Amino acid sequence: MKLLTGNDLKSGAVIWWTGADWSIHIEDAVDVDEQGEAILAVEEAARRVNAPYIIAGEMTPDGPRPAHIKDRIRALGPTVRPDLTLKPADPTAGDWVI
Amino acid sequence: MYQYDEYDQAMVEARVAEFSDQVRRRLAGEITEDQFKPLRLMNGLYLQLHAYMLRVAVPYGTLDSRQMRMLAHIARKYDRDYGHFTTRQNIQYNWIKLEDAPAILADLASVEMHAIQTSGNCIRNISSDQWAGAAADEITDPRPWAELLRQWSSFHPEFSYLPRKFKIAVIAADEDRAAMRLHDIGIQIVEKDGQHGAAFYVGGGMGRTPMIAPLIKDFVPLEDLLSYTEACLRVYNRYGRRDNIYKARIKILIHELGADEYRRQVEEEFVHVKSLGIDPPKAEFDRIAAQFAMPPLDASAPDAIDRSDPDFALWVDRQVAAHKMPGHAIVNISLKPVGGIPGDASSAQIDLMADLAERYSHDELRVTHAQNIVLPHVRKADLYAIWQKLDEAGLATPNLDLISDIIACPGLDYCSLANARSIPVAQKIATRFADLDRQKELGELKLKISGCINACGHHHAGHIGILGVDRKGTENYQLLLGGSGAEDVSLGTITGPGFDEDGIVDAIERVTDKYLAERAEGERFLDTYRRVGMAPFKEAIYG
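What counts as what
- Residues numbered from 1 in each chain as written.
- Chains lettered and ligands numbered in written order.
- Predicted model: local features only at pLDDT ≥ 70, side-chain atom pairs only at ≥ 80, totals over all residues.
- Helix = DSSP H or I, 4+ residues; strand = E, 2+ residues; numbered from the N terminus.
- Rg over C-alpha atoms; globule rule 2.2 N^0.38 Å.
- Contact = placed C-beta atoms within 7 Å.
- Buried ≥ 20, exposed ≤ 12 C-beta atoms within 10 Å, placed from the backbone.
- Core = buried A, V, L, I, M, F, W, Y, C linked by C-beta atoms within 7 Å.
- Pairing = 2+ DSSP bridges.
- Axes fitted to C-alpha atoms, helices over the stretch in contact; angles between N-to-C directions.
- Nonpolar A, V, L, I, M, F, W, Y, C, P; charged D, E, K, R; others polar.
- pLDDT = per-residue confidence, 0-100.
- Expected span 1.5 Å × (residues − 1).
- Arc of directions from axis to C-beta.

A. Fine view of the overall build of chain A. Each helix and strand in chain A was counted, giving two helices and five strands. Reading chain A from its N terminus to its C terminus gives the helix and strand order β-β-β-α-β-β-α. A compact globule built from 98 residues would reach a C-alpha radius of gyration of about 13 Å, and chain A, at 13 Å, matches this within 12%. Summarising its shape, the C-alpha atoms of chain A cover approximately 40 × 30 × 20 Å along the three principal directions. Within chain A, counting contacts between residues at least 6 apart in sequence, those at least 24 apart form 45% of the total.

Okay, structure coming up:
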């Protein structure tokens, strides 16, 4: 699958394309298939996303998972500060990244 | 410490106003990201993995308690309650919102700080010896010259768009605590026939193509220092490559021209530059230098230290350095607790260090390129009280220059350029070698980790260096031995095939075991490596 990601212009937060909008939760991301470039252009022009790009991923029972560790770290947060990730209460959340 | 004059303050405030308007225009859609990116980078604002990252300049690593408290305030109000001190004596914040950036820069300007020229192809923050002005072994305080270079390089119209970024370090002691010869220009204030002058080393650097700067001129009269620096830059700006980012640094130009030809061209340019009269009048330099005068230290302060508390004595032996004034000392505060993140400090810790500086160190602090903090002017009689407060705050780890005093870049946990994580490797190594007796047995051992070839973690200059690479989507770590950023400067050599995260920790343990088996009396790790060479270590690592 292909995922569309970028950063929120104002906050810089990592965001994922949900099919209709943007979410900070990768669980909400959808496969953009061949539509990625077109969506990217529209959303960037509208300033709803900054520095967008398309990545490879796979669908897992837990939801979409980026193929590259860099994007998995972007999706969750720094592996060395679990308290600053999107799942600070889940001690096993980091396993998803590595 | 240097205090801004009206020109400094006006320049910084004008930049805050300018950038505030640029941010407004970006958020309003009046300019695109392609147009905005170079503008934000000129103000130290990057877009990193999780958010915007702001890099704040700490000129030559010197700051006062008011400025340090502002750094804590920014961490607390605009970031996530911590900051990361960097290998260029700056501080970075990892979770900045674009819409907050103007307010942050205004807060910084209120304490004579900024983020200008902490990115881009310009002259970056001038770095220096973190013990400057206090070190027993310096011939003079190098910071007035660093400040002069700061003023000269700030918004220098000719050098705002160099072929590539440009880093300058200034020191004034034979012991190099600033990795001087691994800078684009390294300046050492030296003495010859009773006169002070500047030795210019040009064309050093780490990154993809590490090089040690050759000596270009052994003695430049100090009244010519700015002109000679400008001549060095002009030759680079004219002939440095702009067609290939990987060959754009001055080290490549000098390597290709040869040091002799580069020197000839600089000398020729210098004759012209000198005629322009850019070196300041003596009175102006004296005005700057007067602001770096030694604080009023009491030379009759007691020299004895009560070492009856064994933990305190351990800390004194490791973290306290000789001051030029009797009865005083330099305190090195470790930001490397076992299992911690090298260079990170919470806002509460930053505030505490500011409080200690104000009360015990004549209001001065320093940031070190090894990602630690220094209190430069402390009475020995106050050391115990300082240690107690540091210990309560988790800042009293006695590991300066030991294997757990690791330099590490933010790596793939934060940095968009990184190929591998640095911090977890640093944490695992520090934990493996946590036993202090074991660390002391190993002695001085500088371990440096970079998460990519750009070498922000100075891996080329580590006695043991680690470089994180991406091998088919998996983190892999190359091991280097034999580097040094000090006066015995050298570049590390890769041992062989790389390792995974746990494998690199095991490999380092095999290296240190081999060192203990091979070392002669009084040898540091680096000395043993240089004596016996790579082969026995390679045998120990790979079998």
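Still to come is the rest of the account.
B. Layout of the overall build of chain B. For chain B, the count of helices and strands is 17 helices and 20 strands. Computed over C-alpha atoms, the radius of gyration of chain B comes to 23 Å, within 12% of the 24 Å expected from 2.2 N^0.38 for 543 residues, which places it in the range of a compact globule. Considering only C-alpha atoms, chain B reaches an extent of 60 × 60 × 60 Å along its principal axes. The 543 residues of chain B split such that 55% are buried.

C. Here's a closer look at the nonpolar core. Residues and elements named next belong to chain B. The biggest cluster of nonpolar side chains holds 180 residues, and the ones touching the most others in it are Leu54, Phe200, Cys232 and Met353. Top contributing element to this core by residue count: helix H6 (residues 225–239), with eight residues. Residues in contact with phenylalanine 200, not counting those within four places in the same chain, are Ile185, Ile187, Ile216, Lys217, Val220, Tyr228 and Cys232.

D. Representation of unusual backbone geometry. Residues and elements named next belong to chain B. Despite not being glycine, histidine 362 has its phi angle at roughly 50 degrees, a positive value. Its place among the elements puts histidine 362 in the loop between helix H11 (347–360) and strand S14 (364–367). Its 21 C-beta neighbours within 10 Å are what place histidine 362 among the buried residues. Of note in the backbone geometry, aspartate 401 takes a positive phi value of approximately 65 degrees without being a glycine. Summarising the element assignment, aspartate 401 is placed in the loop between helix H12 (383–392) and strand S16 (407–408).

E. Broad picture of the sheet that holds strand S17 (residues 447–450) of chain B. All names here are of chain B. What the five strands build is an open sheet, ordered S16-S17-S18-S19-S20; its pairing is mixed. The outermost strands of the open sheet, each flanked by one partner alone, are S16 and strand S20 (493–494). Pairing of strand S18 (residues 464–471) with strand S19 (residues 474–481), which is carried by eight bridges, proceeds in the antiparallel orientation. The residue of S19 that forms the bridge with isoleucine 466 is leucine 479.

F. Up close: the sheet that holds strand S3 (residues 62–64) of chain B. All names here are of chain B. Pairing in this open sheet of five strands is antiparallel, and the strands run S3-S14-S15-S12-S11 from one edge to the other. Edge positions in the sheet fall to S3 and strand S11 (320–322), since each has one partner strand and no second. Between one strand and the next, the sheet's axes are offset by a mean angle of 35 degrees, whatever the strand orientation. In this structure, S14 lies alongside strand S15 (residues 373–379), joined through two bridges in antiparallel fashion.

G. Inspection of the interface of chain B and chain A at higher detail. At the junction of the two partners, chain B supplies 22 residues and chain A supplies 20 residues. Split by residue class, the side of chain B that touches chain A holds 12 nonpolar, three polar and seven charged.

H. The confidence of the model for chain B, seen in detail. Mean pLDDT for chain B: 97, with 100% of residues reaching 70 or above. Two summary scores accompany this predicted model of the complex, namely pTM at 0.97 and ipTM at 0.97.

I. View of the environment of arginine 264 of chain B. Here arginine 264 of chain B is to be found in helix H8 (residues 259–274). Spatially, the C-alpha atoms of arginine 264 of chain B and isoleucine 216 of chain B are 9.4 Å apart, while their sequence positions differ by 48 residues.

J. Structural view of helix H1 (residues 6–27) of chain B. Residues and elements named next belong to chain B. Taking 1.5 Å of rise per residue, the 22 residues of H1 would be expected to cover 32 Å, and the 31 Å separating its terminal C-alpha atoms lies within 8% of that figure. Three or more residues of H1 are buried, namely Val12, Val16, Phe19, Gln22, Val23 and Arg26. In a view along the axis of H1, the buried residues occupy a sector of 135 degrees, so they form one face of it. Away from its buried face by more than 90 degrees, H1 exposes Glu6, Tyr7, Ala10, Ala14 and Asp21. Taken together, the buried residues of H1 touch helix H2 (33–41) and helix H4 (101–109). Immediately beyond the C-terminal end of H1, within one or two residues, lies glycine 29, with a positive phi of roughly 85 degrees.

K. How the structure looks around the environment of asparagine 90 of chain B. With respect to the helices, strands and loops of the structure, asparagine 90 of chain B is situated in the loop between strand S4 (82–85) and strand S5 (91–96). Discounting residues that sit within four places of it in the chain, asparagine 90 of chain B has contacts with Arg55, Val56, Ala57, Val58, Thr118 and Asn125 of chain B.

L. Structural context of the environment of tryptophan 152 of chain B. Residue and element names in this part refer to chain B. Among the structural elements, tryptophan 152 can be located in helix H5 (residues 143–153). Tryptophan 152 gets classed as partly exposed once you count the C-beta atoms within 10 Å, which come to 18. Along the sequence, tryptophan 152 and serine 490 sit 338 residues apart, while their C-alpha atoms lie 31 Å from each other.

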